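In case you want the letters, here they are:
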Amino acid sequence: MPTLKIDGREVTVDNGRTILQAAEALGIEVPTFCYHPGLSIAANCRMCLVDTNKSPKPVPACHAQVMDGMEVHTQSERIKRTRSAVLEFILLNHPVDCPICDQAGECVLQDHYFKYSAQPSRLFHRKQHKSKAKVLGPDVILDAERCILCTRCVRFCDEVAKQSQLDVVNRGEHSEITTFPGMQLDNPYAGNTVDICPVGALTSLHFRFKTRVWFLQTEKSVCPECARGCTIRIDTFENTVRRYKPHHNAKVNGYWMCDEGRVSFQDYLEGRMEGPTVLDFGPNGTRRFATATQRALDEATRALAASDAKRVAVVVTPWLTNEDAYVVGELLKGPLAGAKVYRGGRTTSGTQDDILRRADKNPNAKGLDAVWSRLGLTGAPLAAFSAVNTDTVLIFGDNHMVGNETLVELEKVPNRIVIGAFKNAFWDMATVFLPARLHWEKDGTFTNFEGVVQRLRRAVKPAPTAKSDGWYAMKLGQALGARLDFATPRDIFVAMTSGVSAFAGIEYDALGDASHTTLMGAA
Amino acid sequence: MGGHAPAPASKAGPSGPPPLAKSTRLMRADAEPLKHEAEHNIFHSELMTVAMGPSHPATHGTMQMMLTLDGETIVDVDVKIGYLHRGFEKMSEVATYNQVIPYADRLNYVSPLCNNVGWVLAVEKALGLDVPDRCKYIRMIVCEMSRITDHLTAIGAGALELGGFTPFLYAIQGREALWDVVEELTGARMTTSYTRVGGLRHDLYADFEKRYRETRAEVEKLLRDCDKLLTKNRIFVDRMANVGVIGAEDAIDFGFTGPCLRSTGVDYDVRVAAPYLHYSRVQFDVPVGHKGDNYDRYLCRMEEIHQSFKIIDQCLAQMEPGPINSPDWNVVLPPKEQVYNTIEGMIAHFKLIMEGVKVPAGEVYGYTEAGNGELGFYIVSDGSGRPWRVKCRPPCFAIMQGLKPMIVGSSMADIIPTFDTINMIGGEIDR
């Protein structure tokens, strides 16, 4: 356990640690470009050079290991000059692109230059020009002029995505990132190269020129596209989701997320159905018309109350949050006890790899199981749905991956109550449609396949008519005589921690930034 | 900073030799104090409450005086301010430090340049930033020009209150002549926004000195006319002398500064007591009054105009060509040719515009002698590009506290001249 001094402050760290890690432990900032905690050390940018008493020349803090008795200076005059000089070289051929660059505002180069140099240019000849807007893959575009050749993207493809697709070609000021001949940057994690690019060299095709980053509002949440549940940042502007970015979570996704998840938000931007709808069989023929939430709820209640609970079918989905699932469970335990339960949702045999992606393309299967385990509920697969002896079907969610025959079977049920968000096949068949909130429109928790409970946060303000599945379950339960009264998802979670053994001891408020990683108990 | 011609007392500073400025006792035209009418008021009548303002033609600025009158004698007054509150301090919390400068224009809008300078001096104090010599001299010049326009307005309006329309026109003519020079320099008569944190928006224009000399001659001629019309005018003196009297101790207790304090005989001027910019390098007199009445305040302002001209002359003589902005790109925007043509300038510009000048966390009080007295800005910074909290000390806020003792017991007709010599500015008092 070597002990060293950094800027006069003593610290003891494990053997084999780097100076940068020791400085981080002390809260001393050492600027870096090429260093990334999730990648191997390259030490090529020279931004992190520090003075030590163990060598006559400055050493890269990200690479140099600590030694006992080492004295490190990160603020000496020589280091200040060094940083300024490094930045001068890096900026030598950098184009004057900030006004048209997506990265401006979240650019490490801007930050470091302003903080560690702020010196005028001394360049008096033409800048070296390289390729601009070069398409590397389906979602990544390279601006080689902006590149500082830190090789983070190259290392990412080699080490994390395990598909060597990028490399640096040519020499000196002609050096440039490019794909290997005949290859594209099309690995399923390619989008991460954009995240880790410290400058605006790699930009995302789906985000390019869409929003200036300083307008974005950010909420930390969970990607719902598979059972991994990567911790993400949802960036919104004008109440519309503009992009997902992975957020570091060592227990779930590390620093990364897959491209399917990254661009998945686009699937939710179109085709929303935000109005409660009721199918009318009046004398003028069959028609749908928009109505007030209460009217639609009354209609749904009437259908449910008129049927014997045994002649009611309920379709649930692993897209329910734990809280929604709990309230739905209460409904099934109480007024609808004895109803037939089917389990929908998306495929559970999708693409899987040993990086992040899971075969189960639903976010909360594990949570649903845990919440329902005490009710003895499991639910038959939705594909096995039968309309025989069924008067009313209550369908939660509208993203069930089912074949046409199941839809036909569902449509045979006289009363079809759908709680969904989109104008799709389920809306078409609904006799009563109740608009639901999307995952980024509500608070709650998801449990990933490893039992990590994570907070879902509202990043987008939903339409006033859209309510969560749990809210509808509560209102229907109340109308049918159940005692259900929760004001917030937090209330439900608190009830769940006493009612569901798997959640015992977990505090909702503690599921915040730091403990995005609380593990579900005996699930 | 080296390379400059030896200015008088160039080594002087806060810790250097005493400043060159000296105090002079003013000469008054009246003889014995007149016994006030109030003492002879034998016609006691039923008390009457009169609301004067907030939109009264004779109160320059929106404020209300709830007067309790016994005949024509003021028994009590309740002074109410706040009609021109704009939330300067709160707005400053969401603006970058440079974005506050236009808000500062609107404090004392008769001498906006003093506010511009006062604000940036406070911010620069928090930054620990020194600006080039030329910038300091230019700031002094514009401050003194603003002081003159401020005093001319107070003097002219004071004469107008007493029916002297001609001196009012003369004073305002002089003010406008100076504001023409200000307009040529900054682009606006009042909404100047001329200073920047770390420097100025731009240098003086080519023939500024020539224009200033012409204007100075014009203003001094007008001032001589005013002086002849007012200073020894029996009617003016009778109405001003021994009216609105406040003693030195009371004035200090209320927090008076500026001409209103000096008129009571207290020799205090921030420019001398705590010299900022290069005020320790210039020679000027600090006029001091006798008894703190309207006449003393009038005389103080008249004399200070001459002294301000003297200061400007010395600044113009002492200043040399050179940069006007600090070279620190963490504070001052790079020149436009650097912004548009180099990535270095572009980044610095981007960061300064998007995030503002980052002021180290801490608190600071910056002070200047503005037209009405000590204008202070108290800034608390959390290290970001926007102030966490700003408190402005407007000089006339403290002075307005003294209005009640100054007018209670005197005649109703004395309200307006007294209110004028206090020189309350709505934009400044309400912030």
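What counts and how
- Residues numbered from 1 in each chain as written.
- Chains lettered and ligands numbered in written order.
- Predicted model: local features only at pLDDT ≥ 70, side-chain atom pairs only at ≥ 80, totals over all residues.
- Heavy atoms only, no water.
- Helix = DSSP H or I, 4+ residues; strand = E, 2+ residues; numbered from the N terminus.
- Buried < 20%, exposed > 50% of the residue type's maximum accessible area, 1.4 Å probe, protein only.
- Contact = heavy atoms within 4.5 Å.
- Areas by Shrake-Rupley, 256 points an atom, 1.4 Å probe, with all protein chains shown as cover.
- Lys, Arg positive; Asp, Glu negative; His and termini not counted.
- Charge placed at Lys NZ, Arg CZ, Asp CG, Glu CD.
- Pairing = 2+ DSSP bridges.
- Right-handed = clockwise from strand over helix to strand, strands pointing away.
- Phe/Tyr/Trp six-rings, centres within 6.5 Å; stacked < 30°, edge-to-face > 60°.
- Lys NZ or Arg CZ within 6 Å of the ring centre and 35° of its normal.
- Core = buried A, V, L, I, M, F, W, Y, C linked by side-chain atoms within 4.5 Å.
- Buried area = accessible area lost by both parts, 1.4 Å probe.
- Salt bridge = Lys/Arg side-chain N within 4 Å of Asp/Glu carboxyl O.
- Polar contact = N/O pair within 3.5 Å; in protein donor to acceptor, adjacent residues only side chain to side chain.
- Axes fitted to C-alpha atoms, helices over the stretch in contact; angles between N-to-C directions.
- Expected span 1.5 Å × (residues − 1).
- Disulfide = S-S within 2.5 Å.

Trainee: Can you tell me about the overall build of chain A, naming the residues and giving the values?
Mentor: Along the backbone of chain A there are 13 helices and 24 strands. When the backbone C-alpha atoms are referred to their principal axes, chain A occupies close to 90 × 50 × 35 Å. When burial is assessed residue by residue, chain A has 57% of its 523 residues classed as buried. Here the contacts in chain A between residues at least 6 apart in sequence split such that 64% fall between residues at least 24 apart. Summing over all exposed atoms, chain A offers an accessible surface of approximately 21900 Å²; the carbon and sulfur share of this is 51%. Looking at chain A, you have 62 positive and 59 negative side-chain charges, and the mean spots of the two groups are 2 Å apart.

Trainee: Tell me about the environment of Lys 467 of chain A, residues and numbers included.
Mentor: Residue and element names in this part refer to chain A. Along the chain, Lys 467 turns up in the loop between β23 (452–456) and α12 (469–479). Between the C-alpha atoms of Lys 467 and Arg 437, which are 30 residues apart in sequence, the distance is 5.4 Å. Discounting residues that sit within four places of it in the chain, Lys 467 has contacts with Pro 435, Ala 436, Arg 437 and Tyr 472.

Trainee: Give a detailed account of the pairing of strand β16 (residues 312–316) of chain A, specifying residues and quantitative values.
Mentor: All names here are of chain A. With 5 of 5 residues buried, β16 is to be regarded as a mostly interior element. Pairing of β16 with strand β19 (residues 392–396) involves 4 bridges; the strand directions are parallel. By the bridge assignment, Val 312 is partnered in β19 with Thr 392. Pairing geometry for β16 and strand β17 (residues 340–343), over 4 bridges, is parallel. Directly across from Ala 313, in β17, lies its bridge partner Lys 340. The parallel pair β16 and β17, bridged by helix α8 (residues 322–333), forms a crossover whose chirality is right-handed.

Trainee: A description of the packing of aromatic side chains should follow, citing residues and the corresponding values.
Mentor: Residues and elements named next belong to chain A. A full pass over the atoms with the stated rule returns 26 aromatic pairs over all chains. A centroid spacing of 5.4 Å and a plane angle of 25° characterise the contact between Phe 215 and Phe 237, whose relative ring orientation is stacked. Of the two residues, Phe 215 sits in the loop between β10 (202–204) and β11 (217–222) while Phe 237 sits in strand β12 (residues 231–237), which places them 22 residues apart along the sequence. A residue is classified by how much of its surface remains accessible, and Phe 215, at 44% relative accessible area, is partly exposed. Since its relative accessible area comes to 22%, Phe 237 is described here as partly exposed. With a centroid separation of 6.2 Å and an interplanar angle of 50°, the aromatic rings of Tyr 268 and Phe 422 are classed as tilted. One end of the pair, Tyr 268, is in the loop between α6 (259–263) and β14 (277–280); the other, Phe 422, is in the loop between β20 (415–420) and α11 (425–429), with 154 residues separating them in the sequence. Each member of the pair, Tyr 268 as well as Phe 422, is classed as buried. Pairwise contacts between aromatic rings join Tyr 244, Phe 265, Tyr 268, Phe 422 and Trp 440 into one cluster. Of note, Arg 358 hangs over the ring of Phe 449, and the distance from its end group to the ring centre comes to 3.8 Å. In this arrangement the basic side chain of Lys 467 is found over the ring face of Trp 471, its NZ or CZ atom lying 5.1 Å from the centre.

Trainee: Account for the nonpolar core, with residues named and values stated.
Mentor: Of all hydrophobic cores here, the largest spans 151 residues; its most connected members are Leu 109, Phe 156 and Trp 440 of chain A together with Trp 119, Ile 141, Phe 208 and Tyr 279 of chain B. When residues of this core are assigned to their parent elements, the largest contribution, 12 residues, is made by helix α4 (residues 133–161) of chain B. Ignoring sequence-local partners within four residues, the contact set of Trp 119 of chain B consists of Tyr 97, Val 100, Ile 101, Ala 104, Phe 377, Ile 379, Pro 387 and Val 390 of chain B.

Trainee: Mind laying out the interface of chain B and chain A, listing which residues take part and the relevant values?
Mentor: Of the residues lining the interface, 16 residues belong to chain B; the matching set on chain A comes to 20 residues. For the pairing of chain B and chain A, the buried interface totals around 1600 Å² over both sides, and the portion due to carbon and sulfur atoms is 74%. On inspection of chain B and its partner chain A, the count reaches 1 salt bridge. A salt bridge links Lys 351 of chain B to Asp 111 of chain A, with the shortest nitrogen-to-oxygen separation between them at 2.4 Å. Here chain B and chain A share 2 residue pairs in polar contact (both at pLDDT 80 or more) between them. At the level of secondary structure, the elements contributing two or more residues to the side of chain B that touches chain A comprise α12 (336–341) and α13 (343–355) of chain B. Broken down by element, the residue count for the side of chain B that touches chain A peaks at 9 residues, all from α13 of chain B.

Trainee: Report on the sheet that holds strand β2 (residues 47–52) of chain B, specifying residues and quantitative values.
Mentor: Residues and elements named next belong to chain B. Judged by pairing direction, the sheet is antiparallel, and its 3 strands sit side by side in the order β2-β3-β4 without closing on themselves. Each edge of the open sheet carries a strand with a single partner, namely β2 and β4 (73–80). On average, each strand axis in the sheet is tilted by 20° relative to the strand beside it, whichever way the strands run. By the bridge criterion, 7 bridges tie strand β3 (residues 64–70) to β4 in an arrangement that is antiparallel. Note on β4: the bridge partner recorded for Asp 70 is Thr 73. Here helix α16 (residues 415–422) sits on the sheet in contact with β2, β3 and β4, set at roughly 145° to β3.

Trainee: How would you explain helix α5 (residues 165–186) of chain B if you had to name every residue and give the values?
Mentor: All names here are of chain B. The first and last C-alpha atoms of α5 sit 30 Å apart over 22 residues, in line with the 32 Å expected at 1.5 Å per residue. All of the buried residues in α5 are Pro 167, Ala 171, Ile 172, Gly 174, Arg 175, Ala 177, Leu 178, Trp 179, Val 181, Val 182, Leu 185 and Thr 186. As for α5, its buried residues are in contact with α3 (112–127), α4 and α6 (208–230). Just downstream of α5 lies Gly 187, where phi reads positive at about 95°.

Trainee: A description of the state of the cysteines should follow, citing residues and the corresponding values.
Mentor: Residues and elements named next belong to chain A. Under the counting rule described, the total for this entry stands at 0 disulfides over all chains. The thiol of Cys 223 is not disulfide-bonded; the next cysteine sulfur, from Cys 230, is found 5.9 Å away. Cys 223 gets classed as buried once you look at its relative accessible area, which sits at 6%. We note that Cys 258 lacks a disulfide partner, and the nearest cysteine sulfur, in Cys 226, lies 6.1 Å from it. By relative accessible area, Cys 258 is classed as buried at 11%.

Trainee: Describe the sheet that holds strand β7 (residues 140–142) of chain A, and please don't skip the residues or the numbers.
Mentor: Residue and element names in this part refer to chain A. Spatial ordering of the open sheet is given by β6-β7-β10, a layout of 3 strands whose pairing is antiparallel. The sheet terminates laterally at β6 (134–135) and β10, the two strands that pair on one side only. Judged from the 3 bridges that link them, β7 and β10 form a sheet pairing that is antiparallel. Residue Val 140 lies in a different strand from β10, and its bridge partner there is Ser 204.

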